[in-house]
Every structure is written in structure tokens, then in C-alpha cells.
Amino acid sequence: MSDSFARHLALQGASNFRDLGGYPTTDGRTTRWRHIFRSNHLGQLTPADVEIIRALGVRSAFDFRGREERAAGVCVVNEITVHSLPIEPTVVAALRAELARGRLTAPVALELMRESYRNYVRHNTHSFRSLFGHLLEDHAPLVIHCTAGKDRTGFASALILHALGVPDDIIAEDYLLTNQHYKRDATAAIDLPEDVRNAIGAVEASYLAAAFEAVGQDYGDVETYLRDALKLGAAEREALKARYLQS
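We now turn to the structure provided with this report. (Residues numbered from 1 in each chain as written. Predicted model: local features only at pLDDT ≥ 70, side-chain atom pairs only at ≥ 80, totals over all residues. Heavy atoms only, no water.)

**Considerations on the packing of aromatic side chains**
Inclusion rule: Centre distance within 6.5 Å is the pairing criterion for rings of Phe, Tyr and Trp, where only the six-membered ring of Trp is used; planes under 30 degrees apart are then read as stacked, over 60 as edge-to-face, and the remainder as tilted. Relative accessibility under 20% of the residue-type maximum defines a buried residue, over 50% an exposed one, and the middle range a partly exposed one, all with a 1.4 Å probe and only protein chains included.
Scanning the entire structure with this criterion turns up ten aromatic pairs. Aromatic side chains Tyr219 and Tyr225 sit 4.9 Å apart centroid to centroid with 65° between the ring planes, which places their arrangement in the edge-to-face category. With a relative accessible area of 29%, Tyr219 lands in the partly exposed category. The exposure class assigned to Tyr225 is buried, which follows from its relative accessible area of 0%.

**Some thoughts on the state of the cysteines**
Between two cysteines, a covalent bond joining their sulfur atoms is known as a disulfide. Note the following rule: In this description, a disulfide is simply a cysteine sulfur pair whose atoms lie within 2.5 Å.
Tallied over the full model, the rule gives zero disulfides. The thiol sulfur of Cys75 is not disulfide-bonded, and the nearest other cysteine sulfur, from Cys146, lies at 14 Å. Its relative accessible area of 18% is what places Cys75 among the buried residues. Accessibility expressed as a relative area gives 3% for Cys146, which makes it buried.

**Quick look at the pattern of salt bridges**
For clarity, the threshold we go by: The term salt bridge refers to a pairing of a side-chain nitrogen on Lys or Arg with a carboxyl oxygen on Asp or Glu at a separation within 4 Å. Helix and strand labels come from DSSP, where a helix needs a run of H or I of at least four residues and a strand needs a run of E of at least two; each type is numbered from the N terminus.
Overall, the coordinates contain 18 salt bridges when judged by the stated rule. A salt bridge links Arg96 to Asp191, with the shortest nitrogen-to-oxygen separation between them at 2.8 Å. One end of the pair, Arg96, is in helix α3 (residues 91–100); the other, Asp191, is in the loop between α8 (178–181) and α9 (194–200), with 95 residues separating them in the sequence. When its relative accessible area of 39% is taken as the criterion, Asp191 is described as partly exposed. Residues Arg122 and Glu115 are paired through a salt bridge, measuring 2.8 Å at the closest nitrogen-oxygen approach. With relative accessibility at 29%, the residue Glu115 sits in the partly exposed group. Each of Glu111, Arg114, Glu115, Arg118 and Arg122 takes part in a single network of salt bridges with overlapping partners.

Written out as C-alpha cells, the structure reads:
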């Protein structure tokens, strides 16, 4: 897949800052470059990073972090309006509970990650519905992010690409790019075993698949989820495509 722009922007104070542009859709169009970005949090950007983001014209951020996470890393770009769409993190607390019971292994960690993705659908659909409400108001160029920019942001990005008509294999490919570009925080969850930290410090196809399994169980299929849960009817889908696709 040839890129006319750099998909990954190598910032010093953020990792995994990527453009969702340039992806083909099933109706022969392409997602627009430099409209929707995905990233980890924006609280440690350097002055040079801030200049890059200003040059991109980013004025809106949609932040899936929970309350304490937001306080620990406030966006440092003054021009950006931050919209909070909180999904409280659950995985590390669940891992520590298993550690205390003496039951923590890498397979347990993988299953806890999958369960957290199922819970995005079961318990946090309202945050993703709010995101699409904002996207329909057209705040581009914009960035969506959480703390690491890989799980909550990964599912949100997959939903956006689905709504725009990008094929499943390309959505999966975009999701897995995190493993190339995410720089793990070496100080995070240092009390957990290394194999467990490896499991939560990367993404796996099975994580995203778990979210879409939950969509299937609760709604039947992705199209019904987009329509009924995220309130993207035919008119809203066309409006999204008009804004974020090019022919």
C-alpha cells in the first residue's frame, strides 16, 4: 500500500501518532489524509512536537482516558480543545488482583485484555457514540487518543474505519501497526511479571476480535451496532463519508 504521506509521525514525546488517511474503501474511495489522527496521550510532547501538531492544524482531541489518567498527563497544546469521553482502565487492577491470588500468568493476562475489549462494547458504547456525534460535527483535523493509544483508541479507530467502508483486513492491519510504533513506558506496572507486561504492552488480533465478537453477540453484526448503538443511520454514514473520504 503506497502512502503519499507519512502514516506514522515520529514525535519525541508521543509514540504511535498515526494518520488514518490513505486507506481504500469497498466503494472505491480513500480515507482522507491529515483529517483523523490516532495517538497515545499528549501530555509529554516536546516544543518541537507541538510545532509539528500545530502545522498539521489539529484543534480537537477526543480523549478516552479515565479521570486519574487525564490528570497525570494534561494535553500541552494550548490550541487543542480536549473532549473527554472517559473509559476507566480496568486491566492493571484486574491483573494485580490475580497476582495477589497467585493465579497470574501470561494466558490469564491475554484473556483479561480480551475481556476489557468485550467490555468496551458492553459497558462503554456511549463513549464511542459520543465520538461519532463529534465526528459528524466535523472537528478535523483531529486526534483520538487514550493513554497508550492502542486499546481504547484501537477499537475506536477500527469503528471509524468500518463506518467509512474500509475492508476488515486493512482495519486489522492498521490496528496491528501499534506493535511497530508504540514505545512502552518502562516504569508502568513494574510490579507485574515481564511476560504479563509483554501481553499488555502490545496488541493482538484476538483483542480486537473479542470486541467484535461482543458486537456480534449483543447486536448481531457490526452494521447493526453502527446503526442502533452508535446512531449512524444511512444519512449519518453518508455525511461521515462526505467529510472523511475522497474519491
